[in-house]
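Architecture and fold: a report
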Amino acid sequence: MEITHKRLNRVDLLSVGGRLDAMSAPQFKAKIDELFDQGRYRVVLDLAGLEYVASPGLRVLIEARKRARDWKITDLEGGDVRIANLPPRIKEVFDLTGFTSLFEIYSDTTEAVGSF
Amino acid sequence: METRTVPAVLESLALISEFITGATTNAGLDDHAAWQVQLAVDEAATNIIQHGYDPLTPGMIELGWRIESGQLVVTLRDYGRRFNPEHVPPPDISSPLEERQAGGLGLFLMSRLMDGVRFDFDDEHGNLLTMTKRIAGASEWAYVIELSGRLDAVHTQEAVGRVNHAVAEGARNILLDLSEVTFMSSSGLRALLLVRKDLLARGGELRLCNLQPHVYEVFSLTGFTQVFAIHPSREDALQAFGHR
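Residues numbered from 1 in each chain as written. Chains lettered and ligands numbered in written order. Predicted model: local features only at pLDDT ≥ 70, side-chain atom pairs only at ≥ 80, totals over all residues.

1. What to know about the packing of helix 2 (residues 55-70) of chain A against helix 3 (residues 105-113) of chain B
The following threshold applies: Lines fitted to C-alpha atoms define the axes here, with helix axes fitted over just the stretch in contact, and angles between the N-to-C directions of these axes take values from 0 to 180 degrees. Each helix is a run of H or I in the DSSP string that is no shorter than four residues. Each strand is a run of E no shorter than two, and both are numbered from the N terminus. Should an angle fall under 35 degrees it is called roughly parallel, over 145 degrees roughly antiparallel, and 65 to 115 degrees roughly perpendicular, with every other angle called oblique. For any helix crossing, the convention is left-handed if the near helix is rotated counterclockwise from the far helix by under a right angle, and right-handed if that rotation is clockwise. Here, residue contact means that the backbone-derived C-beta atoms of the two residues sit within 7 Å. Residue classes follow a fixed rule: Ala, Val, Leu, Ile, Met, Phe, Trp, Tyr, Cys and Pro count as nonpolar, while Asp, Glu, Lys and Arg count as charged, and any other residue, Gly among them, counts as polar.
Running from amino to carboxyl end, helix 2 of chain A crosses helix 3 of chain B at an angle of 130°, the nearest separation of the two axes being 9 Å. With respect to helix 3 of chain B, the element helix 2 of chain A is oriented oblique. Crossing of helix 2 of chain A over helix 3 of chain B shows right-handed handedness. In this structure, helix 2 of chain A uses Ser55(A), Leu58(A) and Arg59(A) to contact helix 3 of chain B, whose residues at the interface are Leu105(B), Gly106(B) and Leu109(B). Taken together, the residues of the contact of helix 2 of chain A with helix 3 of chain B break down into 3 nonpolar, 2 polar and 1 charged.

Take a look at the structure:
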């Protein structure tokens, strides 16, 4: 798994590529926790390069979104983990597990970043 | 059957994937089906590694695969804690984020990605997980089950048990060879009707062959020759699968 991080003005963009499985999930979780620990709760995950996802990766995603949404500035404004670019195989896993309706999913990073 | 034994640690997942690539290539699965098998086995192995053994003293996972009756059969054996799938509630995939539990997804995915998933356990042989994937283009494949003796209330249950076992392993086309069946009662008929209904609901077929004259008479007297697909020989029946 490869993660590249880009800090934008209000949002952090993480591009995740390769395999997100039991082996790499802890590294992925550590990267997200690092952002949260800095008070950065607006995160876009660009999954365009993600080739494979298994349930330990899904678990990190769900826990991350829960944590981000607990952080609120006002009732209308706060943290979130949003997704851009879902490759077909990854979307299939999302569909099977009901994740498609658990996340806000955008067709590109500009749209996802702009949604905040 | 091809086998391979690996230590139950996360570092083995790549070796397991390589072993399964051999299986899916031999079975001639397309890319999509091969990925489904890879993910299901990955989930199964991860569960054994993370929950089956004590992390300080990991044991081994014995992997195997074979091709049987038009399907790829993959097995994983471990000697860790007894696994009972009934103790893992299926995730509610329609619940909102706040209530959504992050566990149980691996087992759920396995059942969705494979055609058959079965767990067995005994003290001597540990946990045995058997997963099957039908090989596309093999719809003409059928399980042949030979029944014998009296198909009455008692003995039909045993026959139904064998059919259910085959279905749990992924069989959808089932041929019952009744050449050794000497007697058929109305409860036997009723049980076969239920088996037929279950297979049809799963997209499969039930066919019967080699009925002795007085067994055939029970079917014709009750009008069930119109309901069941009855064939004079095994060859004839096997050719009929997939040509409804």
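Moving on from the model shown.
2. Focus on helix 4 (residues 153-168) of chain B
Residue and element names in this part refer to chain B. Cut-off, in case you're wondering: A helix is expected to reach a length of 1.5 Å times the quantity of its residues less one. Exposed residues have 12 or fewer other C-beta atoms within 10 Å of their own C-beta, buried residues have 20 or more, and partly exposed residues fall in between, where C-beta atoms are placed from the backbone. The directions considered for the arc are those from the helix axis to the C-beta atoms.
Helix length check: helix 4 (16 residues) gives 23 Å between terminal C-alpha atoms against 22 Å at 1.5 Å per residue, within 8%. Taken as a whole, helix 4 has its buried residues at Thr156, Ala159, Val163 and Ala166. Mapping the buried residues of helix 4 onto a view down its axis gives an arc of 75°, with all of them on the same face. In helix 4, the exposed positions angled more than 90 degrees off the buried face are occupied by Val154, Gln157, Glu158 and Gly161. Next to the buried residues of helix 4 lie strand 6 (143-151), strand 7 (173-184) and helix 5 (186-201).

3. Some words on the interface of chain A and chain B
Taken together, the contacts link 17 residues of chain A with 18 residues of chain B. Of all the elements in the fold, those that place two or more residues in the side of chain A that touches chain B are helix 2 and helix 3 (88-97) of chain A. Counting residues per element, the side of chain A that touches chain B draws most heavily on helix 2 of chain A, which supplies 8 residues. When its residues are assigned to classes, the side of chain A that touches chain B shows 8 nonpolar, 3 polar and 6 charged.

4. Digging into the domain arrangement of chain B
A common way to express how large an interface is: the accessible area buried when the components associate. All names here are of chain B. So the rule is basically this: An automatic or database domain assignment is the source of the domain bounds shown.
Per the domain assignment, the segments making up chain B are domain 1 (2-134) and domain 2 (143-240). Only strand 4 (116-122) and strand 5 (126-134) provide two or more residues apiece to the side of domain 1 that touches domain 2. The element contributing the most residues to the side of domain 1 that touches domain 2 is strand 5, with 3 residues. When its residues are assigned to classes, the side of domain 1 that touches domain 2 shows no nonpolar, 5 polar and 3 charged.

5. With respect to the sheet that holds strand 3 (residues 71-78) of chain B
The pairing of strands in a sheet comes from backbone hydrogen bonds and takes either a parallel or an antiparallel form. Residues and elements named next belong to chain B. Our working definition: A pair of strands is considered paired only if DSSP assigns at least 2 bridges between the two.
In spatial order, the strands read 1-2-3-5-4; together these 5 strands make up an open sheet with antiparallel pairing. If you trace the sheet from one side to the other, it starts and ends with strand 1 (2-7) and strand 4, each paired once. The average angle at which neighbouring strand axes cross in this sheet is 15°, direction not considered. Bridge count for strand 4 against strand 5 is 7 bridges, and the pairing is antiparallel. Bridging across to strand 5, Asp122 finds its partner in Gly126. Sheet contacts for helix 2 (residues 31-52): strand 2 (60-68), strand 3 and strand 5; angle to strand 3, the most-contacted strand, approximately 10°.

6. Focus on the nonpolar core
Residues and elements named next belong to chain B. This is how it is decided: Here, a nonpolar core means buried Ala, Val, Leu, Ile, Met, Phe, Trp, Tyr and Cys residues linked by C-beta atoms lying within 7 Å of one another.
Grouped together as the largest cluster of nonpolar side chains are 66 residues, with contacts concentrated most on Ala40, Ala45 and Met110. A total of 8 residues in this core trace back to one element, the largest contributor, which is helix 2. Contact partners of Met110, with chain neighbours within four places excluded, come to Ala40, Glu43, Ala44, Val117 and Met131. Counting 21 residues, the second largest nonpolar core, distinct from the first, contains Tyr143, Leu151, Ala159 and Leu178.

7. Some words on the environment of Ile93(B)
Residue placement: Ile93(B) occurs in the loop between strand 3 and helix 3. For Ile93(B), a count of 17 C-beta atoms within 10 Å gives the class partly exposed. Residues Ile93(B) and Phe108(B) lie 15 residues apart in sequence; the distance between their C-alpha atoms is 9.9 Å. Discounting residues that sit within four places of it in the chain, Ile93(B) has contacts with Thr97(A) and Gly98(A).

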